[in-house]
Amino acid sequence: MAGETNEDVKAMSFEQALDALEKIVDDLERGDVPLDQSIKIYERGEALKVHCDRLLKAAEDKVEKIRLSRDGKPVGTEPLDTD
């Protein structure tokens, strides 16, 4: 059930997902949401968190560091993390 209602999360950009997650946190912190609704929005929050984590990991994998020659000039790039 939670997977069905959260299918739209996969199509969200990082910024959209983060905004939605922040709204969920605000709603839950306010404390005026009924328990059954709190559970549903918590599950959506989990889906949003996983999506954001996935997008961040993909972005990190694309980040490269610039290699410099002995005289300090750029000579190419290499992955930021070799692990």
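Everything quoted here is computed from the prediction, not taken from an experiment. Counting of residues starts from 1 at the beginning of each chain's written sequence and follows it residue by residue. The model is predicted, so local features are restricted to residues of pLDDT at least 70 and side-chain atom pairs to those at 80 or more, both for listing and for counting; the totals for chains, interfaces and linings are taken over all residues. To obtain the side-chain values, all non-hydrogen atoms of the structure were used and water was disregarded.

Enquirer: Explain the overall build of the protein to me, and be specific about the residues and the numbers.
Expert: The secondary structure listing takes helices from DSSP runs of H or I that are at least 4 residues long and strands from runs of E that are at least 2 residues long, numbered from the N terminus. When helices and strands are tallied, the protein shows three helices and two strands. The order of helices and strands in the protein, counted from the N terminus, is α-α-α-β-β. Looking at the protein as a whole, 18% of its 83 residues are labelled buried. Contacts were defined at the residue level, with two residues in contact if any of their heavy atoms lie within 4.5 Å. For the protein, long-range pairs separated by at least 24 residues make up 48% of all intrachain contacts whose partners lie at least 6 apart in sequence. Where accessible areas are quoted, they stem from the Shrake-Rupley method and a 1.4 Å probe; at the residue level, only the protein chains shown are allowed to cover. Accessible surface for the protein amounts to roughly 6600 Å². Of this, 55% is attributable to carbon and sulfur atoms. Buried means the residue's accessible area, taken with a 1.4 Å probe over protein chains only, is under 20% of the maximum for its type, while exposed means over 50%, and partly exposed covers the values in between.

Enquirer: Report on the environment of leucine 21, specifying residues and quantitative values.
Expert: Here leucine 21 lies in helix α2 (residues 14-30). If near-sequence neighbours (up to four positions away) are discounted, leucine 21 is found in contact with Gly45, Leu48 and Lys49.

Enquirer: Describe in detail the confidence of the model for the protein, supporting the description with residues and values.
Expert: On average, the protein scores 85 in pLDDT, and the residues at 70 or more come to 86%. One confidence number per residue, pLDDT, is output by the predictor and ranges from 0 to 100. Looking over the protein, one finds the lowest element-wise mean pLDDT in helix α1 (residues 2-5), namely 51, and the highest in α2, namely 95.

Enquirer: Residue-level account of the nonpolar core, with values.
Expert: The nonpolar side chains of a soluble globular protein tend to be buried, and buried together. Judged by nonpolar contacts, Val9, Met12, Ala17, Leu21, Ile24, Val33, Ile41, Leu48 and Cys52 together constitute the single largest core of nine residues. Where this core is concerned, the elements lending two or more residues are α2 and α3 (35-62). What leucine 48 contacts, discounting residues up to four positions off in sequence, is Val9, Met12, Ala17, Ala20, Leu21 and Ile24. By nonpolar core we mean a set of buried residues, namely Ala, Val, Leu, Ile, Met, Phe, Trp, Tyr and Cys, connected to one another through side-chain atoms within 4.5 Å.

Enquirer: Lay out the side chain of asparagine 6 in plain terms, naming residues and giving numbers.
Expert: Of note, asparagine 6 is situated in the loop between α1 and α2. Not counting residues up to four positions away in its chain, the partners in contact with asparagine 6 are Glu43, Arg44 and Ala47.

Enquirer: Account for the packing of α2 against α3, naming residues and giving values.
Expert: Lines fitted to the C-alpha atoms define the axes, with helices restricted to the stretch that makes contact. Angles between their N-to-C directions range from 0 to 180 degrees. One can describe the packing of α2 onto α3 by two numbers: an axis separation of 9 Å at closest approach and a directional angle of 150°. One finds that α2 runs roughly antiparallel with respect to α3. Seen along the crossing, α2 lies across α3 with a hand that is left-handed. Residues Phe14, Ala17, Leu18, Ala20, Leu21, Ile24, Asp27 and Leu28 of α2 touch α3, and the partners they reach there are Ser38, Ile41, Tyr42, Arg44, Gly45, Leu48, Lys49, His51, Cys52, Leu55 and Leu56. Small angles under 35 degrees read as roughly parallel and large ones over 145 as roughly antiparallel, with 65 to 115 read as roughly perpendicular and the rest as oblique. Crossings are sorted by hand: turned counterclockwise from the far helix by less than a right angle, the near helix makes the crossing left-handed, and turned clockwise it makes it right-handed.

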